[in-house]
Amino acid sequence: MSTLQRLICGLFLLLGLAAALYSCLLRVQADAHYKHVAVLVDWHALNSLPEPTDGPPRLTADSLQPLELIKLIPGAVLCYGEETVGTLLEQGLIEPAGLGTGGPAYAVTRPEYSADIAAGASRHGYMYQQDATTGGRLVIEFPALPEEDLMLVPVAWLDGVIARAAAADVAVVLRPGGSEFLGEHGIARTLDYCGGQPLMLFQGPTVLGYPNGLREVAKYLAASKQFFGWVEFDEQDGGASLAARLAPNVVRVHSIPPEEMVNYDVNGAVARYVRAVRERNMRAIYVRPFIRGEVVGSAVEWDYKDSLASVNEGYFKQLATELEDAGFSITLDPQAPANPPAGLAKWLPLLITLAVGAAGTFLFALWFAGWPRWVWWLFIVMTAIKAALTLFEDSLFQLVLFGAAIFFPLLGCWLALNAYQRLVQARPAWHITRLFAALIALMIASALSVAGGLLIHGGLWDSAAMIKVTQFRGVTAGLALPVLLLAAYAWQAETLEDAFDAATRRLIDYWQRFSQLWQAPIRYGDVAFIAIALGALAIVLLRSGNDSPLEILSVESLFRENLEQWFTVRPRTKELFGHPLFVIFLLSLPWRSRIALLFGLAGLLGQVSILNTFCHLHTPLLVTIERVLLGLGLGLASGLLWGALVLLATRIWQGLAARFKRPAPAE
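Residues numbered from 1 in each chain as written. Predicted model: local features only at pLDDT ≥ 70, side-chain atom pairs only at ≥ 80, totals over all residues. Heavy atoms only, no water.

Undergrad: Got a minute to help me understand the overall build of the protein chain in this structure?
TA: The number of helices and strands found in the protein chain is 25 helices and 16 strands. Scored against the burial criterion, the 667 residues of the protein chain give a buried share of 50%. Just so you have it, the protein chain exposes about 30300 Å², and 62% of that area is on carbon and sulfur atoms. (Helix = DSSP H or I, 4+ residues; strand = E, 2+ residues; numbered from the N terminus. Buried < 20%, exposed > 50% of the residue type's maximum accessible area, 1.4 Å probe, protein only. Areas by Shrake-Rupley, 256 points an atom, 1.4 Å probe, with all protein chains shown as cover.)

Undergrad: It is not clear to me how the pattern of salt bridges should be interpreted in this structure. Could you clarify?
TA: Once their charged atoms are close, side chains differing in charge can pair, the charge on each being opposite to the other. The tally for this structure, following the rule as stated, stands at 15 salt bridges. When the shortest N-O distance is used, the salt bridge between Arg272 and Glu260 registers 2.7 Å. Remark: Glu260 occurs in helix 11 (residues 258-261) and Arg272 occurs in helix 12 (residues 266-280); sequence separation between them is twelve residues. For Arg272, a relative accessible area of 13% gives the class buried. (Salt bridge = Lys/Arg side-chain N within 4 Å of Asp/Glu carboxyl O.)

Undergrad: Please clarify how a nonpolar patch on the surface should be interpreted in this entry.
TA: Among the surface-exposed residues, Leu648, Ile652, Leu656 and Phe660 lie close enough to one another that they form a single nonpolar patch of about 420 Å² accessible area. Mapping Ile652 onto the fold places it in helix 25 (residues 621-659). The exposure class of Ile652 is partly exposed, given its relative accessible area of 48%. (Patch = residues over 30% accessible without salt bridge, like charges linked within 9 Å, V, L, I, M, F, W, Y side chains within 5 Å.)

Undergrad: Help me out: how do you make sense of the environment of Asn612 in this one?
TA: Relative to the helices and strands, Asn612 is located in helix 24 (residues 595-614). Asn612 sits 159 residues away from Gly453 along the chain, and the two C-alpha atoms are 6.8 Å apart. Aside from chain neighbours lying at most four places away, what touches Asn612 is Val475, Leu479 and Arg572. (Contact = heavy atoms within 4.5 Å.)

Undergrad: So what exactly am I meant to see when it comes to the pairing of strand 13 (residues 284-287) here?
TA: Put simply, side chains in a regular strand alternate between the two faces of the sheet. On strand 13, burial covers both faces: Ala284 and Tyr286 on one face and Ile285 and Val287 on the other are all buried. Note that strand 1 (residues 36-42) and strand 13 share four bridges and pair parallel. By the bridge assignment for strand 13, Val41 is matched with Val287. Here strand 12 (residues 250-255) runs beside strand 13; their pairing, made up of three bridges, is parallel. Along strand 13, the bridge assignment pairs Val253 with Ala284. (Pairing = 2+ DSSP bridges.)

Undergrad: In this structure, what is going on with the nonpolar core? I would like to understand it.
TA: Most often, soluble globular proteins keep nonpolar side chains buried together rather than apart. If you look at the biggest cluster of nonpolar residues, it comprises 177 residues, and the most contacted ones within it are Leu78, Tyr315 and Phe408. Ala38, Cys79, Val173 and Leu201 belong to the second-largest nonpolar core, a separate cluster that totals 13 residues. (Core = buried A, V, L, I, M, F, W, Y, C linked by side-chain atoms within 4.5 Å.)

Undergrad: Would you mind showing me how to read the packing of helix 1 (residues 3-33) against helix 15 (residues 373-389) here?
TA: For any two helices packed against each other, the geometry is given by the interaxial angle and the distance between the axes. Between helix 1 and helix 15, the shortest axis-to-axis distance is 11 Å and the interhelical angle comes to 20°. The orientation of helix 1 relative to helix 15 falls into the category roughly parallel. Crossing hand, helix 1 versus helix 15: left-handed. Contact with helix 1, carried on its side by Leu4, Gln5, Ile8, Cys9 and Phe12, involves Arg373, Trp376, Trp377, Ile380 and Thr383 of helix 15 and no other residues of that element. In terms of residue class, the contact of helix 1 with helix 15 is built from seven nonpolar, two polar and one charged. (Axes fitted to C-alpha atoms, helices over the stretch in contact; angles between N-to-C directions. Parallel < 35°, antiparallel > 145°, perpendicular 65-115°, else oblique. Left-handed = near helix turned anticlockwise from the far one by under 90°. Nonpolar A, V, L, I, M, F, W, Y, C, P; charged D, E, K, R; others polar.)

Undergrad: Where do I start with unusual backbone geometry in this structure?
TA: Phi is mostly negative for residues that are not glycine, and the peptide bonds are mostly trans. With an omega of 5°, the peptide bond between Tyr210 and Pro211 qualifies as cis. Looking at the secondary structure, you find Pro211 in the loop between strand 10 (199-200) and helix 9 (214-223). With an omega of 10°, the peptide bond between Ala247 and Pro248 qualifies as cis. In this structure, Asn281 takes a positive phi of about 60° despite not being glycine. Tracing the backbone shows Asn281 in the loop between helix 12 and strand 13. The backbone of Arg505 shows a phi angle near 55°, a positive value even though the residue is not glycine. You can see Arg505 is positioned in the loop between strand 15 (500-501) and strand 16 (506-507). You can call Arg505 partly exposed: its relative accessible area is 40%.

Such coordinate-based values are descriptive only and should not be taken to indicate function.
Printed below as a string of structure tokens:
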């Protein structure tokens, strides 16, 4: 490339980075104003609490005691899901009728609840009647389902619970069951029953109206200006589709399921909720009190009940305190996150495309320095044309950002490797200069990875991204392609130390080493190495993201929990291991061993992880920056330690090899 071409590409890069940085600054401001959090306390869990020894006889729907617990969190509300067949049976409000009908039939045991249950049955389309064989009691016939599914079928809300909450001055959010069983105008009647509440949260495995009534539900919620509560990790069928229809009027909800509550103590549960709110933009938390588990250690029943009441009192107070200390306002007043200004959003794709194209041009210039100058002019012109086209075609901009995920970690890796080789060419393998040069190279590579991440984040964030309705789709491919491209160049790691031309002070062209690989014979050891490397890469790809199909190992889970306790945010594991391995990779080049390739691939994964961290658009940007800087700081520290040990081992090994080397036989 000529000097003029470099200047043009540098200008493109600076323009794109400046625009992305300005956009990211606006994102930080948007995060600062997105601070309303709804605390929803589950009624059915409250109703399951054992009473203290001096309390009322039993916490039933007629008890006011649970409502006093909610008041320990100022601004919290009662979340009352529809009573199901199972909860009504548990409270003794219905019993099997044994009528021998086509489906299971249940009779209402307490007449004062007949009107509520009949209204619910009508909304859901269940058959019901006053039956003489049961003493004139109301009998409901439900669909023929397996017993486990039948217990989860929604029936009705009890007006008594709602009235008592109002008498105790506790706000209520009704949670309709996302059931497929609906009577005539069942969707409209159900939503009308919940009209007036600012947040709509559905219970069960589906959202209301799935699969054919989502349009009607979305239209109603939009007209009512109600926010949709989208539960994290719950995978409610229809939830993602409904969220996309209603964005940005969506609130992401985090809960600790009942089966997981037994594994937590107060500090752990509070920390999990605060972390979800702070790090993943959860703006509603669904809270259940402790009912069982090892939160209290007494085996005496009456003492256990009193201790459990005390534990929950402390739990609710601590949750309120820590949310407020973290700067969040507890209120049932949902807010939509902000969008970037329309003018900026219009021109950002053009400027960011210029920067990404410049990065790609610089990378190819490092790889193929022998190409004629007209090729680089073609690259520059194509970048300008593509930048103009992104103003009209959004899918093209998505492709550009995918290119950024590939170019920047590789560009950083090549610049770092080139700078390292320039600094240490005249130094022996054990010289301390190599260690400091490797640390400098790590910072160079990380700076480029951060730049790519800021371009992607600045170009993609908006209100929909902040609630994870939209997200960057190139994370998995962005992990795989850079690793494969580096592997092709560094496959013959035994010669990688010689892949630097001292005369031109640059790395050997990519195609030259790739063609050598293409013509090299395949050995049995190579096949085994490829199988192991591809298996490890597959695991990394499957483990990427929050919805990984692979379970976390218990050792890794413990490691993560300790990191979360030690630091305000948890640095990513790939970076904690990748950064020091990047340093070791550079120090291991003089070994002329295939193992250096493994270190290099792991180190590049750490760089890709930096960029991918910025692609988690639902995470507040300052949290992302803190996580990346913490990971880099720890990586530099551990790289310094492990690098010193590697140099020491290299020095000892070379000394031993020189001592025991046999002299050449005399001629």
